[in-house]
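# Chains, contacts and geometry: an overview
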Amino acid sequence: MVKTVEELARLVVKAADDKKAENLKVLDISKLSVIADYFMICHGNNERQVQAIVREIRDQAHKNGYDVRGIEGADEGRWVLVDLGDIVIHVFHREDREFYNLERLWKDAEEVSFAVQG
């Protein structure tokens, strides 16, 4: 059972890493926005990989008793947003990530590290 937002962040990072998500970044936006505490941004190299990353995040969240509030864009697999409340995950297709460049938009956010365990 997930008890803290940090434990949820570790779970999400591991789920994405298990599906070979690339250039995974976690941004602490808690001082910049009321939307969430963290944004996680990563990408896959094709639509199927993006969808696999999203499925793994969703499945691990459910398995650990966390409510997925919403998933948007999964059918297209280009930019998928997963809302876990305190953490909002952006899983991009590589090309779309380069185009939208969310890291630039949130440049004032501190990047934090949640090491992958196991």
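Reading the values: rules and limits
- Residues numbered from 1 in each chain as written.
- Predicted model: local features only at pLDDT ≥ 70, side-chain atom pairs only at ≥ 80, totals over all residues.
- Heavy atoms only, no water.
- Helix = DSSP H or I, 4+ residues; strand = E, 2+ residues; numbered from the N terminus.
- Rg over C-alpha atoms; globule rule 2.2 N^0.38 Å.
- Areas by Shrake-Rupley, 256 points an atom, 1.4 Å probe, with all protein chains shown as cover.
- Lys, Arg positive; Asp, Glu negative; His and termini not counted.
- Charge placed at Lys NZ, Arg CZ, Asp CG, Glu CD.
- Expected span 1.5 Å × (residues − 1).
- Buried < 20%, exposed > 50% of the residue type's maximum accessible area, 1.4 Å probe, protein only.
- Contact = heavy atoms within 4.5 Å.
- Polar contact = N/O pair within 3.5 Å; in protein donor to acceptor, adjacent residues only side chain to side chain.

### Focus: the overall build of the chain
Of regular secondary structure, the chain possesses 4 helices and 6 strands. Along its sequence from the N terminus, the chain presents helices and strands in the succession α-β-β-α-β-β-β-α-α-β. Relative to its length of 118 residues, the chain is compact, with a C-alpha radius of gyration of 13 Å against a globular reference of 13 Å. Considering only C-alpha atoms, the chain reaches an extent of 35 × 30 × 25 Å along its principal axes. Of the accessible surface of the chain, which amounts to about 6600 Å², a share of 45% is contributed by carbon and sulfur atoms. The average position of the 17 basic charges and that of the 23 acidic charges among the side chains of the chain differ by 4 Å.

### With respect to helix H1 (residues 5–18)
Three or four residues apart is the spacing at which side chains of an α-helix point the same way, because the helix has 3.6 residues per turn. With 14 residues, H1 ought to run about 20 Å at 1.5 Å a step, and its terminal C-alpha atoms sit 20 Å apart, in line with that. Listed as buried for H1 are Val5, Leu8, Ala9, Leu11, Val12, Val13, Ala15 and Ala16. Contacts from the buried residues of H1 go to strand S1 (22–28), strand S2 (38–44), helix H2 (47–63) and strand S5 (87–93).

### Some remarks on H2
Helix length check: H2, at 17 residues, gives a terminal C-alpha distance of 24 Å against a target of 24 Å (1.5 Å per residue), a fit within 8%. Measuring from the backbone nitrogen of Arg48 back to the side-chain oxygen at the start of H2 gives 3.2 Å, which picks out Asn46 as the cap. The positive-phi residue at the C-terminal boundary of H2 is Gly65, with phi of around 80°.

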